[in-house]
Amino acid sequence: MEFTAKIIADFLKGEIEGNPDVIVTGLSKIEEGKKGTLSFLANPKYEKYIYTTQASIVLVNKTFVPQEKVNATMIKVEDSYQCIASLLDLYVQSIPEKIGIDKLSFIDPTAKTGTDVYVGAFAFLGENVKIGNHVKIYPQVYLGDNVVVEDNSILYAGVKVYQDCHIGKDCIIHSGAVIGADGFGFAPSANNDYKKIPQVGNVEIEDHVEIGANTCIDRSTMGSTFVRKGVKLDNLIQIAHNVEVGENTVIASQTGIAGSTKIGKDCMFGGQVGIAGHIFIGDGVKIGAQSGIGSSIKDNEVLLGTPAMDIKKFQKSFIYFRKFPEIVKQMYDLQKEVEELKSKLG
């Protein structure tokens with residue numbers, strides 16, 4: 001596919017600085033730009049590359065003022081990052097849509113599928129499964145009995161959804177994710193072993209949720225584990241039984257959330273955050289990477305560290321922590337001086 005700068009600018013409602021007739025046929029990162037490709041500048045740290053890139057067109061923010069000559073044609077837009085996302089979305093939509101049921105798949109006679117669905121080879125749809133319209137079920141996906149997948153959702157290769165779980169509309173679940181495995185529930189006995197507590201609930205995933213590869217969301221002991229509307233989960237995340245993740249919360253890779261914790265809406269968690277069970281995290285909370293959360297958090301707090309504290313306090317404390325060996329030495333030196341003064345004074 002070929003696009004001129006003018007076509008792109010008209011689509012994005014941008015302003016052209018340079019040749020409106022220059023043609024691009026692909027995309028590239030600004031630091032690796034090649035002739036005939038389109039790139040973008042959103043992060044100021046990458047500004048140096050705009051003066052050397054070989055990309056033919058670069059999207060920039062309207063506020064960008066070049067400090068040197070830019071050889072590429074620039075298209076100035078309100079938000080270059082959002083605009084490149086729109087172009088990528090347009091590109092994805094141009095890819096031919098997969099439709100049809102592969103003859104090597106298995107669909108139980110009691111299962112129901114909507115219109116224009118895709119079911120790939122070796123996918124398994126159990127009893128009473130319900131698949132909405134335009135759903136994509138890639139090869140080797142397993143859907144247990146009574147699973148519901150609503151319109152326009154995509155389950156990539158190898159996703160496993162246990163019985164009775166529900167996936168809303170416009171969801172994306174990436175390869176290897178497991179939805180509805182048993183929660184980690186065991187009761188210690190007098191014999192110093194553990195009796196398994198049956199997990200008879202399910203997982204409810206609401207609309208517009210994206211779940212990364214190899215992420216696990218456990219079914220509840222009773223009731224439901226909830227992932228609310230608009231949540232975005234990275235790869236390799238563990239969400240335990242009876243957890244609730246509030247609307248539009250985003251969580252980065254390797255975060256673990258223990259059982260029965262309730263997380264508010266519009267939260268942002270960095271990678272490798274560990275969250276204890278049976279606590280409440282308010283709306284709009286931001287938690288830095290590798291933080292440990294052991295108690296409930298009020299709305300809109302910004303925390304960092306283990307155990308986590310207010311981010312400004314943590315940053316101040318970290319300055320002292322780096323100087324801790326010097327501080328200890330000073331304390332020993334002062335103690336030695338005090339003892340010497342005491343001995344002199346008799």
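Refer to the structure printed above.
Residues numbered from 1 in each chain as written. Predicted model: local features only at pLDDT ≥ 70, side-chain atom pairs only at ≥ 80, totals over all residues. Heavy atoms only, no water.

Engineer: What's the story with the layout of surface pockets in this structure? I'm lost.
Structural biologist: Empty space among the atoms can be located by rolling a probe the size of a water molecule over them. Taken as a whole, the largest pocket spans an internal volume of roughly 790 Å³. Lining the largest pocket we find 23 residues, and of these D89, V92, I154, Y156 and I172 sit closest to its centre. When residues of the lining of the largest pocket are assigned to their parent elements, the largest contribution, 5 residues, is made by helix α3 (residues 80–94). Broken down by class, the residue content of the lining of the largest pocket amounts to 11 nonpolar, 5 polar and 7 charged. (1 Å grid on protein atoms, 1.4 Å probe; cavity = no way out; pocket = protein on both sides within 12 Å on 5 of 7 lines; lining within 4 Å. Points joined across faces, edges and corners; volume = space filled by probe spheres on them. Helix = DSSP H or I, 4+ residues; strand = E, 2+ residues; numbered from the N terminus. Nonpolar A, V, L, I, M, F, W, Y, C, P; charged D, E, K, R; others polar.)

Engineer: Can you help me understand the nonpolar core in this one?
Structural biologist: Nonpolar side chains tend toward joint burial in soluble globular proteins. By size, the foremost hydrophobic cluster in this structure holds 49 residues, and its most contacted members are I137, L143, L155 and I281. Excluding residues within four positions of it along the chain, L143 makes contact with F124, L125, G126, V129, I131, I137, V149, L155 and V161. By size, the runner-up hydrophobic cluster in this structure holds 14 residues, among which are V22, L38, L59 and C83. (Core = buried A, V, L, I, M, F, W, Y, C linked by side-chain atoms within 4.5 Å. Buried < 20%, exposed > 50% of the residue type's maximum accessible area, 1.4 Å probe, protein only. Contact = heavy atoms within 4.5 Å.)

Engineer: What is the right way to look at the sheet that holds strand β11 (residues 118–119) in this model?
Structural biologist: Adjacent strands of a sheet pair through backbone hydrogen bonds, lying either parallel or antiparallel. The 12 strands are arranged β8-β11-β14-β17-β20-β25-β28-β31-β34-β37-β39-β40 in an open sheet whose pairing can be described as mixed. The open sheet is flanked by β8 (100–101) and β40 (309–310), the only strands paired with a single partner. Relative to strand β25 (residues 210–211), strand β20 (residues 172–173) runs parallel, the two being bridged by 2 bridges. Of the residues in β25, the one forming a bridge with I173 is I211. (Pairing = 2+ DSSP bridges.)

Engineer: I keep staring at unusual backbone geometry and nothing clicks. Help me out?
Structural biologist: Glycine aside, residues mostly have negative phi, and peptide bonds are mostly found in the trans state. The step from T306 to P307 runs through a cis peptide bond, and the omega angle for that step is -10°. The backbone phi angle of F122 is positive, close to 65°, even though this residue is not glycine. On the secondary structure map, F122 appears in the loop between β11 and β12 (124–125). Owing to a relative accessible area of 54%, F122 belongs among the exposed residues under this scheme.

Engineer: Quick question: what am I supposed to make of the packing of helix α1 (residues 5–12) against α3 here?
Structural biologist: Two numbers describe a pair of packed helices, the interaxial angle and the distance between the axes. Interaxial distance between α1 and α3 falls to 11 Å at its minimum, and their mutual angle equals 110°. Of the possible angle classes, the one that applies to α1 and α3 is roughly perpendicular. Two secondary-structure elements touch here, α1 through I8, F11 and L12 and α3 through C83, L87 and L90. Here the residues of the contact of α1 with α3 are counted per class, giving 6 nonpolar, no polar and no charged. (Axes fitted to C-alpha atoms, helices over the stretch in contact; angles between N-to-C directions. Parallel < 35°, antiparallel > 145°, perpendicular 65-115°, else oblique.)

Engineer: Got a minute to help me understand the environment of V302 in this structure?
Structural biologist: Tracing the backbone shows V302 in strand β39 (residues 302–304). The sequence separation of V302 and T221 amounts to 81 residues, and the corresponding C-alpha distance is 31 Å. Each residue touching V302, except ones within four places of it in the same chain, is listed here: K286, M309, D310 and I311.

Engineer: What is the right way to look at the sheet that holds strand β10 (residues 112–113) in this model?
Structural biologist: Pairing within the open sheet is parallel, and its 9 strands lie in the order β10-β13-β16-β19-β24-β27-β30-β33-β36. The sheet is open, and its two edges are formed by β10 and β36 (280–281), each paired on a single side. Of the pairings in the sheet, the one linking strand β13 (residues 130–131) to strand β16 (residues 148–149) comprises 2 bridges and is parallel in character. Directly across from I131, in β16, lies its bridge partner V149.

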